[in-house]
Amino acid sequence: PITSAFLYTLNSGKSPGLQIWRIENMHLAPVAKASFGTFFTGDSYILLNTIELKGSSKRWDLHFWLGDESSQDERGAAAILATQMDDKLNGVPVQYREVQGHESSIFSGYFKGGITYKKGGVASGFNHARTNVSDVKRLLHLKGKRMVRMTEVEMTWKSFNQGDIFIVEVENDLFQWNGSVSNRYERLKGCEIINNIKNNEKAGKGKITVLDEGDKYPASMLKALAGSPKDIRPEVVDEDVSQKPIKRKAATLYHVSSDTGTLEMKEIGAAPFKQDSLLSGDCFIVDNGAKHSIFVWKGKAASKDERVGALKNAEEFIKTKKYKPFTKIQVMAEGAESALFTQFFKDWKRKDHVEGFGKAYSVNKIAIVDKTKFDVKELYKTPKLAAKHGMVDNGSGKVQVWRIEGNDKVAINKEEYGRFYTGDCYIILYTYTPRSREEYIIYFWQGAQATKDEIGGSAILTTKLDDQYGGRPVQVRVVEGKEPPHLLSIFGNPLVISKGGYDKTAKKEIGLSETALYQVRSTSAGGTKAIEVTNSASSLNSNDAFVVKTKNECFVWIGRGASDAEVAAARFTAGAICKHSVAEQKEGSESSQFWSVLGGKKEYASSPRMLEDLDSNPPRLFAISNAKGRVTIEEVPGEFTQGDLEPDDVMMLDAWDVVFIWIGEGANAEERSVAPGLVKEYIDTDPRGRDSNCPVHTVKMNMEPVNFVGFFPSWDHEFFNRRDSY
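Residues numbered from 1 in each chain as written. Predicted model: local features only at pLDDT ≥ 70, side-chain atom pairs only at ≥ 80, totals over all residues. Heavy atoms only, no water.

Labelled according to an unreviewed UniProt entry, the chain appears under the name Gelsolin-like domain-containing protein, originating from Ciona savignyi. Taken verbatim from the UniProt record of the chain, the Sequence similarities (unreviewed entry) comment is "Belongs to the villin/gelsolin family." Its UniProt record gives the chain the following Subcellular location (unreviewed entry) comment, quoted word for word: "Cytoplasm, Cytoskeleton". (UniProt positions renumbered as here; feature names shortened; annotations may be inferred.)

Printed below as a string of structure tokens:
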């Protein structure tokens, strides 16, 4: 049965993005994208994230997730299926074992809106629900700040405690309950999540009520919950290992073998290790048990039994060492090492390592670089990928676009498709025919400068459009800058986002820039978009391509680290927004006229660090906070953005060659005073043995230098001034 179930995955890993399957009766069942981030505690799941690198190469992260109440059979099937999928992709993926409540930061980063645990599972007849539902009664317990986990708990006042946030959902009424000891950031996160539930799961329906502990509670809420508010428990102290002090105990390298039938371990030494300690004919384990994680490395010449048994050996290793059962496991093949693994080795060199700004052309199966003509649809070409996956098709279906004007939606000309304005909201209806029957997706895109009325109107009008099609469409709320891969593919060309917005009185777009600068960047999932940024040379970034337009001139600026896709997208953008001939400017050989248009030459993000492949030592963002009465350190999961910088905290950005301390305007005195010492301890205990004299830069909110903002996509200098308060 397991082998036949694997037929579901024949198209896995071909297109960029995330795919999720649930183990159902030892078979793989695809999970609908609308349910991504929701997991039943009685089930096990497999997740595959495909990342398109510059060029045409790919890398994969393969996770199998185990619910607390899943059966041993399901857990075993998940491990076997993950191994089969790994084999199908030539052993290149990095495998992760994920245990409920202790997920890795990479896993948590897929779900910026948080992870939701639901009671039950497939054996109990529970299925992933679709959006736009009203007949729901549930109580969600929110834990964590950046890695938010939402657990469905018993609908009783005994489930509440004074230190956390709870969301009570009764049909179309949503209540956010704030414990008296909860902090401002947790309450703000609760607001974001309850709005996401309303917009994404209920398609804008329902009423939100925010309540503090001790308020007068509505009758419908009291009726839905068993017991009384007298049953509320005191604060429960967090025991999240991700928030413990940053000091690190040295990791240990072991040679492992099970050829004799029992696990044999030989200690090699403590970190930092030498890369040549890893032998291609063997398997090794890096033991970082002090941080609840171990890494298994499979040499390419190791026996098949050893490679297949790597995960089993890791689990046996955890038992032998008497580590916690939730200890994280990463399994990787030689040549496909993760950054979290290579950090334990001094001066790790990849086989395709190059110096400076050169491009690497790898000769193995991991990264074959092939220059191809830019075509968005080709990036997503995949044979009949079901609608339940990230890419429902190649984006060639029928597209209709409306702009929100007051209480109505107004169709826009086809020539304007894919041309959005940051002051507007749009509804996009996508129609495709996967199996001789029309299916629909409704995207409602909300610009960063749109009014609250327009944002609310986009959700309401989306619901009305959904009703016109009998409730069959899948609804997707899209906030500017967070466009999913499929939306980027349906216009056939790069998405162009400009400043300004439509004025109903003037009957035209207003607030447009006569002189404008657009940053063109590829997303990790393969799509490309052009976003208007501040018209200044300081906005340039050597990683990307840019378009500059004036009333009489147009330039395409090509950064030394820009990909072929970004250059091609910049050329298209210039042709779409400029009425004049285009002059190309390569970084380092710009004309004086080009600098004049940008107000003069200025410093911009151009260090070699930003231009090289960041896979070896990727930038990492941490929050330093004492919101719970003690100083904690928490890494921001996934790809971070400017929105992850919390004004009430101190943040640390580790860019390897330099470490930044970012001080939010609301950070308190203790956070500011302890941050430098914590950062020094972080550098001194780095297992890579980095220079203790690594420069540390302290920057303040709204005064960030270009070498800091260059690590964040499309930095907006007005972002913090516009940010909503709790």
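Draft legend 1. Seen up close, the overall build of the chain. Regarding its fold elements, the chain presents 17 helices and 36 strands. In the chain, which comprises 726 residues, the proportion classed as buried is 54%. Once local pairs closer than 6 in sequence are excluded, the contacts in the chain between residues at least 24 apart make up 66%. A total accessible area of about 31700 Å² is found for the chain, and carbon and sulfur atoms account for 50% of it. (Helix = DSSP H or I, 4+ residues; strand = E, 2+ residues; numbered from the N terminus. Buried < 20%, exposed > 50% of the residue type's maximum accessible area, 1.4 Å probe, protein only. Contact = heavy atoms within 4.5 Å. Areas by Shrake-Rupley, 256 points an atom, 1.4 Å probe, with all protein chains shown as cover.)

Draft legend 2. Structural detail: the pairing of strand E28 (residues 528-533). Of all six residues in E28, six are buried, a share of seventy percent or more. Because side chains alternate across E28, one face comprises the buried residues Thr 528, Ala 530 and Glu 532, and the other comprises Lys 529, Ile 531 and Val 533, equally buried. The pairing of strand E24 (residues 495-498) with E28 spans three bridges and is classified as parallel. Across the sheet, residue Leu 495 finds its bridge partner in E28, namely Lys 529. (Pairing = 2+ DSSP bridges.)

Draft legend 3. Layout of the sheet that holds E24. Spatial strand order, E20-E24-E28-E27-E29-E30-E31: seven strands in an open sheet with mixed pairing. Looking at which strands have only one partner, the edges of the open sheet turn out to be strand E20 (419-421) and strand E31 (583-586). This sheet shows a mean twist of 20° between the axes of neighbouring strands, independent of strand direction. Pairing between strand E30 (residues 554-558) and E31: four bridges, direction parallel. Following the sheet pairing, Phe 555 is matched in E31 by Ala 583. (Axes fitted to C-alpha atoms, helices over the stretch in contact; angles between N-to-C directions.)

Draft legend 4. Molecular detail of the side chain of His 63. Position of His 63 among the secondary structure elements: in strand E5 (residues 58-66). At a separation of 2.8 Å, a polar atom in the side chain of His 63 contacts the side chain of Tyr 110. Beyond its immediate sequence surroundings of up to four residues, His 63 is in contact with Tyr 45, Ile 46, Leu 47, Tyr 96, Glu 98, Ser 104, Ile 106, Phe 107 and Tyr 110. (Polar contact = N/O pair within 3.5 Å; in protein donor to acceptor, adjacent residues only side chain to side chain.)

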